[in-house]
Amino acid sequence: MFKSLAVHNLSIMASKPQRLRHLAESTVLQAAAAKKPRTMTTNAAASDSDPNPMKEAFSKYASYLNDLNDKRERVVKASRDITMNSKKVIFQVHRISKNNKEEVLEKAEKDLAAVMDQHIARLVKELQGTDFWKLRRAYSPGVQEYIEAATLCNFCKTGSLLNLDQINASLQPLSDPSVEPLQINLLDYLLGLADLTGELMRLAIGRISDGELEFAQKICRFVREIYRELLLIAPKMEDSSDMKSKMDVMLQSVMKIENACFSVHVRGSEYIPLLGSEDTSFSLLGVPEME
Amino acid sequence: MKSVFRSAICTTLSFSLRSLNPTPPLSLLPPHLAFLHHKPSPFTSMASGGGEIGPQAPSSPTVHTLEKQFDEFRHQLDDSGSLRERIRSVAQEIESATRLTQSSLLLIHQSRPIPEVLEKAKGQIGVVRELFSKLADIIREYPGQYYRYHGDWKSETQTVVSLLAFMHWLETGALLLHAEAEEKLGLKPSEFGLDIEDYLVGICFMSNDLPRYVVNQVTAGDYDCPRKVMKFLTDLHAAFRMLNLRNDFLRKKFDGMKYDLRRVEEVYYDVKIRGLATNGDTKGELGDVGQS
């Protein structure tokens, strides 16, 4: 008797959160959210005689802040998912080796497309019709990580830099044509590029140990170009302190690649028999103390 | 130990460019390690830019498109830089106009009659209004970027709101609402509105001024003032408690408001316990607004 009652209770308790969650997921939530401020205002109206005239106005501010914070929270979540999954893409790219290039990159691209379809699409939907700059701080980390993954994939495939316009063009289909589409701003793009060099450094070191010196040198040239260009741009960026520290890290990465290329060049010249004459000038310029 | 080592490497590196003698410690390290430990310096960055592969690189088409994109970025950033300068200069003008208002308004603490003080302070508001419309004009050229540059006029706006709200309270005894503040500043929410969080921060700033006002009013013999201010602040504090705040600046300001309230309560208590407040009974609330 008792037992069955308890079981009954339990089942009620178990079903309740379920039902609540179900409610929360459906559009009822929105209705509830819309209702909440209304009940607040009616409260305020009812207590009009007892004098706090500010409450009515403040209930408006409260619902504004609630909406904004909820939205920010959702954007942060989407950004985190983008970061996480973009990181996975980057790791996938690092699994590249001499003979599995195509399949590794194919998988990476597929994963990248999935990030776009699932998570960036969510972000786009969330930000639709608002000022993209307002919540930038909430989504910037995710976008930067995505830029990093997308440009890394693209570089491995084509050897060139994926432009911001190209990325933004790929975002176009995600958003409702009636509203202004989400465009990644150039600050996030540049910050993402700054991170890209770190990944390229890892890639270059890996390629060298795999004997793909050619590829490593290609990376080296590419990274140098990016560093050179960013050097001119970094001081112009708004709140550039973040970029400044990234520039230092970037230079370290560039030099690590150069040094790795150098040590293979100097010590392992048997691996790469044909090297141009200008390479000797490099060793003269870079390490004169060897003489 | 390590840093000594490193600085030795640094100096030898910069000297070695001028083909001076290499110092002994370097031979202990493989040359690529020496590079790794070397801190970034203009010399190395130049070397990395114009290294041995450098000369052949710009000829390739990918580098060309790369350069083109970055050139464009540079222009865009230059544009936004000069835009920010324009915004900053207007914001500075707002700041100094606000300061004039504030200084006229401060006469309230020297127990000048309210209408006189308000009239003087209001004189500057027209200027502020004009400056805000100038700011709106600038932002209108860049639709959808209000919040990109918002930080550049934010704190000025908050101060303006606090002054307006204080003046409004002196005049009417009521709180200046967000829509009213927008109206006073001549802002249109559709294009260049007043950010609600800025408004709320401004209101918190105003609350910070109230204890001083109360103290000086009592000193000047207005014993009813503490009760009025206390009621207003209590209501305001209660209203603020309706907001779900994040851990941000506004939250910090709101947390500070209770100290203002406490100070006003103390003054009220001091006055009341000495029987100075003649009609200072909490029940006598009829028509006491804006009569002081």
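Identification of chain B as Translin from Penstemon smallii is taken from an unreviewed UniProt entry. One UniProt comment on chain B, placed under Sequence similarities (unreviewed entry), says "Belongs to the translin family."

By the naming in an unreviewed UniProt entry, chain A is Translin-associated protein X, taken from Penstemon smallii. Turning to chain A, the UniProt annotation filed under Sequence similarities (unreviewed entry) states: "Belongs to the translin family."

*Asks:* Could you clarify how one ought to interpret the overall build of chain A in this entry?
*Replies:* A count of helices and strands for chain A gives 10 helices and zero strands. Starting at the N terminus and ending at the C terminus, chain A contains elements arranged as α-α-α-α-α-α-α-α-α-α. Counting all 291 residues of chain A, 49% fall into the buried class. For chain A, the proportion of contacts with a sequence separation of at least 24, taken over those separated by at least 6, is 74%. Carbon and sulfur atoms make up 56% of the accessible area of chain A, which totals about 15,500 Å².

*Asks:* Would you mind going over the overall build of chain B with me for this structure?
*Replies:* Within chain B one finds 11 helices and zero strands. Each helix and strand of chain B, placed in order from N terminus to C terminus, yields the pattern α-α-α-α-α-α-α-α-α-α-α. A buried classification covers 46% of the 292 residues belonging to chain B. In chain B, once contacts between residues fewer than 6 apart in sequence are set aside, the share between residues at least 24 apart is 74%. Surface exposure of chain B reaches about 15,100 Å², of which carbon and sulfur atoms provide 55%.

*Asks:* Would you mind showing me how to read the domain arrangement of chain A here?
*Replies:* The figure often quoted for interface size is the accessible area lost as the parts come together. Residue and element names in this part refer to chain A. Here chain A is described as being made up of domain 1 (68–184) and domain 2 (186–274). Relative to domain 2, the C-alpha centre of domain 1 lies at a distance of 22 Å. On the domain 2 side, the residues contacting the 27 residues of domain 1 number 22 residues. For the pairing of domain 1 and domain 2, the buried interface totals around 2,100 Å² over both sides, and the portion due to carbon and sulfur atoms is 67%. The three residues of domain 1 that bury the most area against domain 2 are Q144, E148 and F155, which together make up 27% of that side's buried surface. At the junction of domain 1 and domain 2, the tally comes to one salt bridge.

*Asks:* Got a minute to help me understand the packing of aromatic side chains in this structure?
*Replies:* Given two aromatic rings, their pairing is described by the distance between the two centres and the angle made by the two planes. Across all of its chains, the model carries 17 aromatic pairs over all chains by this definition. Aromatic side chains A:Y61 and B:Y199 sit 5.3 Å apart centroid to centroid with 65° between the ring planes, which places their arrangement in the edge-to-face category. Note that A:Y61 is positioned in helix α3 (residues 54–94) and B:Y199 in helix α9 (residues 196–219), a pairing that runs across two chains. In this structure A:Y61 comes out as buried when scored by relative accessible area, which is 4%. Judged by its relative accessible area of 0%, B:Y199 falls in the buried class. When the ring of A:F155 is compared with that of A:F222, the centres are 4.2 Å apart and the planes differ by 20°; the resulting orientation is stacked. Highlighted residues: A:F155 in helix α5 (residues 136–158) and A:F222 in helix α8 (residues 213–233), separated in sequence by 67 residues. Judged by relative accessible area, which is 8%, A:F222 ranks as buried. Counting every residue linked through ring pairs, the aromatic cluster contains A:F58, A:Y61, B:Y199, B:F240 and B:F254. Geometry around A:F215 places A:K101 over its ring, the cationic atom sitting 4.4 Å from the centre.

*Asks:* I keep staring at the environment of B:L243 and nothing clicks. Help me out?
*Replies:* By secondary structure assignment, the location of B:L243 is in the loop between α10 (225–240) and α11 (249–273). A relative accessible area of 7% means that B:L243 is categorised as buried. Contacts of B:L243, omitting those with residues within four sequence positions, involve A:F58, A:Y61, A:A62, A:L65 and B:L200.

*Asks:* Would you mind going over the pattern of salt bridges with me for this structure?
*Replies:* Oppositely charged side chains can pair when the atoms bearing their charge come close. According to the stated counting rule, one finds 33 salt bridges over all chains in the structure shown. Ionic pairing is found between A:E199 and A:R202, a salt bridge with its closest N-O pair at 3.4 Å. Taken together, the residues span about one helical turn, with A:E199 and A:R202 both in helix α7 (residues 186–209) at a distance of three residues. A relative accessible area of 11% means that A:E199 is categorised as buried. For B:D248, the salt bridge goes to B:R246, with nearest N and O atoms at 3.7 Å.

*Asks:* How should α5(A) be read in this particular structure?
*Replies:* Side chains of residues three or four places apart in an α-helix project in the same direction, reflecting 3.6 residues per turn. The buried count for α5(A) comes to 19 of 23 residues, which makes it a mostly enclosed element. Remark: A:G159 follows α5(A) within two positions and exhibits a positive phi of approximately 80°.

*Asks:* Got a minute to help me understand the environment of B:G256 in this structure?
*Replies:* Residues and elements named next belong to chain B. Its place among the elements puts G256 in helix α11. Here G256 falls in the partly exposed class, since its relative accessible area comes to 23%. Residues G256 and S207 lie 49 residues apart in sequence; the distance between their C-alpha atoms is 9.2 Å.

*Asks:* Just to check I follow, could you spell out the confidence of the model for chain B for this structure?
*Replies:* Residue and element names in this part refer to chain B. Of all residues in chain B, 73% attain a pLDDT of 70 or more, and the chain-wide mean is 79. The low-confidence segment residues 1–59 (pLDDT under 50) makes 70 contacts with residues lying over four places distant or belonging to another chain. Here residues 280–292 is modelled with pLDDT under 50, and outside its nearest four sequence neighbours on either side it reaches 20 contacts, counting other chains as well. Model confidence for the complex: the whole-complex pTM is 0.73, and ipTM, which rates the interface, is 0.71.

*Asks:* Mind showing me how you'd approach α8(A) here?
*Replies:* Over its 21 residues, α8(A) runs 30 Å from end to end, which matches the ideal 30 Å to within 8%, given 1.5 Å per residue. In terms of residue burial, α8(A) counts as a mostly covered element, since 15 of its 21 residues are buried.

*Asks:* Hey, could you run me through unusual backbone geometry in this one?
*Replies:* Residues other than glycine predominantly adopt negative phi, and peptide bonds predominantly adopt the trans conformation. A positive phi angle is found at B:S111, which is not glycine, with a value near 45°. By the element assignment, B:S111 lies in the loop between α4 (61–105) and α5 (114–140).

*Asks:* What should I look at first to understand the domain arrangement of chain B in this one?
*Replies:* All names here are of chain B. Here the domain parsing of chain B yields domain 1 (71–189) and domain 2 (195–279). Summarising the inter-unit geometry, the C-alpha centres of domain 1 and domain 2 are found 23 Å apart. Across the contact, 24 residues belong to domain 1 and 20 residues belong to domain 2. Between domain 1 and domain 2 the total buried area reaches about 1,900 Å² when both faces are included, carbon and sulfur atoms providing 68% of it. It is H109, Q158 and W169 that lose the most area in domain 1 upon contact with domain 2, and together they represent 34% of the buried surface on that side. Here domain 1 is connected to domain 2 by zero salt bridges.

*Asks:* Sorry, what's going on with the packing of α5(B) against helix α7 (residues 154–172) of chain B here?
*Replies:* To describe two helices that pack against each other, one gives the angle between their axes and the distance between the axes. Residue and element names in this part refer to chain B. Contact geometry of α5 with α7 gives a least axis separation of 11 Å together with a crossing angle of 145°. At the point where α5 passes α7, the crossing takes the left-handed sense. Across the interface between the two elements, I114, L118, A121, K122, I125, V128 and F132 of α5 pack against T157, V160, L164, M167, L170 and E171 of α7. Residues that form the contact of α5 with α7 fall into these classes: 10 nonpolar, one polar and two charged.

Reading the values: rules and limits
- Residues numbered from 1 in each chain as written.
- Chains lettered and ligands numbered in written order.
- Predicted model: local features only at pLDDT ≥ 70, side-chain atom pairs only at ≥ 80, totals over all residues.
- Heavy atoms only, no water.
- UniProt positions renumbered as here; feature names shortened; annotations may be inferred.
- Helix = DSSP H or I, 4+ residues; strand = E, 2+ residues; numbered from the N terminus.
- Buried < 20%, exposed > 50% of the residue type's maximum accessible area, 1.4 Å probe, protein only.
- Contact = heavy atoms within 4.5 Å.
- Areas by Shrake-Rupley, 256 points an atom, 1.4 Å probe, with all protein chains shown as cover.
- Domains from an automatic or database assignment.
- Buried area = accessible area lost by both parts, 1.4 Å probe.
- Salt bridge = Lys/Arg side-chain N within 4 Å of Asp/Glu carboxyl O.
- Phe/Tyr/Trp six-rings, centres within 6.5 Å; stacked < 30°, edge-to-face > 60°.
- Lys NZ or Arg CZ within 6 Å of the ring centre and 35° of its normal.
- pLDDT = per-residue confidence, 0-100.
- Expected span 1.5 Å × (residues − 1).
- Axes fitted to C-alpha atoms, helices over the stretch in contact; angles between N-to-C directions.
- Left-handed = near helix turned anticlockwise from the far one by under 90°.
- Nonpolar A, V, L, I, M, F, W, Y, C, P; charged D, E, K, R; others polar.

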